[in-house]
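So you can see what is in the structure, the chains are spelled out below.
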Amino acid sequence: MSMQTRRSFFKSLAVGSVALGSAKWLQADQVVAAAKPQVQRRSLGRIGVDVPILALGLGSVFTRAFNNSSEEAKPLLQKALDHGVTCWDTSRNYGASERMIAPMVEKNRGRLFLISKSAERGYDGFMRELETSLETLRTDYLDIFHMHNFRPADDLDEIEKGALVAARKMRDEKVIRNFGVTGHSGARLLVDAIKRFDPDAVLTVFPCNRPDRGRYEDELLPLARERNMGVFAMKLIRHARNADLQGADLVRYGLTLDGVHSAVVGADNHGIMDENIRMASDFVPLSREEMARMTDEAQTRLAGDIAPWERPGYQDGATAAA
């Protein structure tokens, strides 16, 4: 055996030993996690991947609570992983969010269903933000990259010629496995975008007070089901503050809707995370009567109370109200 061959042989042994050791540690971590309650999972429409019904929202609630610090956020992120909350939802315009989670993403990429977003409408801007997201998150692909925060002022023709072309190209090249659309400025705009762009996923609002005269539930959701899209619900717990409703029950409301696969919920402390993990680990759908009661109570108590995202000029980002 030549010296070069021996070097290659011993190098392969060393690499194999490291890999075996890593595998043993990974198996040990999985055994520890399996001993803890695991959130239920659902198949994400035509995407076909099983995702937890509770997804971790990493916007303003998260970044403010942990002072933009990766180290301060680490215990909560580890708790999410330990209980199977492996779908993480971040964005380019969530301030320090991508940077904060990057160390945990790098260490646990194979366990995560990772989502980010860009509010850029043009081709170049969308591609530039995607590249920045990948670099910041220390990964070479995203499971979903959304065209983010559609608003009435947006020109769908412009998006179709710009960001949509970029999204489809990057999906073809598997840099992003899927692309989606998000918004909370009226169901009609998202319905039009879904019909024109045929995205793989949608992220929008399904709170129990049924905003926009119930169109998110009654028009958008049936369309998403028809197209077998992945559907993420957001802004579910906002009304817990001003109505006599429990946050976990508000999340249950969204998850009970036919066609919703996962609820994106921000967490600024371990108590809220624990409550939602318990609900999502032993999920029981609400009855029609329970849902109707929640809607009546929310609409009565919140009459005239306009949610932040319903106000003109609202920007969904790191400084936005929860």
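Please refer to the structure placed before this passage.
As the structure is a prediction and not an experimental result, all values here were calculated from the model. (Residues numbered from 1 in each chain as written. Predicted model: local features only at pLDDT ≥ 70, side-chain atom pairs only at ≥ 80, totals over all residues. Heavy atoms only, no water.)

(A) Molecular detail of the overall build of the protein chain. Across its full length, the protein chain carries 12 helices and 10 strands. In the protein chain, buried positions account for 52% of the 322 residues. Within the protein chain, residue pairs in contact and separated by at least 24 positions form 77% of the contacts whose partners lie at least 6 positions apart. Of the roughly 14800 Å² of accessible surface on the protein chain, a fraction of 49% belongs to carbon and sulfur atoms. (Helix = DSSP H or I, 4+ residues; strand = E, 2+ residues; numbered from the N terminus. Buried < 20%, exposed > 50% of the residue type's maximum accessible area, 1.4 Å probe, protein only. Contact = heavy atoms within 4.5 Å. Areas by Shrake-Rupley, 256 points an atom, 1.4 Å probe, with all protein chains shown as cover.)

(B) Seen up close, the nonpolar core. In terms of nonpolar packing, the biggest core is built from 95 residues, with Leu56, Trp88, Met147, Phe150, Phe206 and Phe232 touching the most fellow members. Per-element tally for this core: the top contributor is helix α8 (residues 187-197), with seven residues. (Core = buried A, V, L, I, M, F, W, Y, C linked by side-chain atoms within 4.5 Å.)

(C) Geometry of the side chain of Arg109. Position of Arg109 among the secondary structure elements: in the loop between α4 (97-108) and β5 (113-118). Judged by relative accessible area, Arg109 falls into the buried class, the value being 10%. Within polar-contact distance, the side chain of Arg109 engages the backbone oxygen of Tyr141 at 3.0 Å. Of note is the side chain of Arg109, whose polar atom sits 3.1 Å from the side chain of Asp143. With residues up to four places along the chain from it excluded, the contact list for Arg109 reads Leu114, Thr139, Tyr141, Leu142 and Asp143. (Polar contact = N/O pair within 3.5 Å; in protein donor to acceptor, adjacent residues only side chain to side chain.)

(D) Representation of the sheet that holds strand β10 (residues 262-266) in the model. With respect to topology, eight strands assemble into a closed barrel ordered β3-β4-β5-β6-β7-β8-β9-β10, the strand pairing being parallel. Averaged over all pairs of adjacent strands, the angle between strand axes in this sheet comes to 25 degrees, irrespective of strand direction. One ladder, built from two bridges, connects strand β9 (residues 230-234) with β10; its direction is parallel. Directly across from Ala233, in β10, lies its bridge partner Ala263. With respect to the sheet, helix α9 (residues 215-226) is in contact with β8 (201-205) and β9, its orientation differing from that of β8 by roughly 170 degrees. (Pairing = 2+ DSSP bridges. Axes fitted to C-alpha atoms, helices over the stretch in contact; angles between N-to-C directions.)

(E) Up close: empty space enclosed by the protein. With the rule as written, the count across this model stands at one cavity of 30 Å³ or more. Taken as a whole, the largest cavity holds about 50 Å³ of empty space. Elements with a contribution of two residues or more to the lining of the largest cavity: β3 (54-57), β10 and α11 (270-281). Taken together, the residues of the lining of the largest cavity break down into eight nonpolar, two polar and no charged. (1 Å grid on protein atoms, 1.4 Å probe; cavity = no way out; pocket = protein on both sides within 12 Å on 5 of 7 lines; lining within 4 Å. Points joined across faces, edges and corners; volume = space filled by probe spheres on them. Nonpolar A, V, L, I, M, F, W, Y, C, P; charged D, E, K, R; others polar.)

(F) Layout of the environment of Arg288. With respect to the secondary-structure elements, Arg288 resides in helix α12 (residues 288-301). Its relative accessible area of 75% is what places Arg288 among the exposed residues. A sequence separation of 32 residues divides Arg288 from Thr256, and the C-alpha atoms of the two residues are 9.4 Å apart.

(G) Just the packing of α4 against helix α5 (residues 123-137), in detail. Interhelical geometry of α4 versus α5 gives an angle of 50 degrees and a closest axis separation of 8 Å. In terms of their interaxial angle, α4 and α5 are classed as oblique. Along the contact surface, α4 presents Glu98, Arg99, Ile101, Ala102 and Val105, while α5 presents Ser133, Thr136 and Leu137. When grouped by side-chain class, the residues that make up the contact of α4 with α5 number four nonpolar, two polar and two charged. (Parallel < 35°, antiparallel > 145°, perpendicular 65-115°, else oblique.)

(H) Geometry of the packing of aromatic side chains. Applying the stated criterion to the full structure yields three aromatic pairs. Ring plane angle 55 degrees and centroid distance 5.6 Å describe the contact between Phe62 and Phe66, whose orientation is recorded as tilted. Like Phe62, the residue Phe66 is buried in the burial classification. Note on Phe126 and Phe145: the rings are 5.1 Å apart at their centroids and 65 degrees apart in plane angle, and the pair reads as edge-to-face. With a gap of 19 residues between them, Phe126 in helix α5 and Phe145 in strand β6 (residues 144-150) connect regions that are remote in the sequence. Taken individually, Phe126 and Phe145 each receive the classification buried, so the pair is uniform in this respect. Between Arg177 and the ring centre of Tyr141, over which it is positioned, the NZ or CZ distance is 3.9 Å. (Phe/Tyr/Trp six-rings, centres within 6.5 Å; stacked < 30°, edge-to-face > 60°. Lys NZ or Arg CZ within 6 Å of the ring centre and 35° of its normal.)

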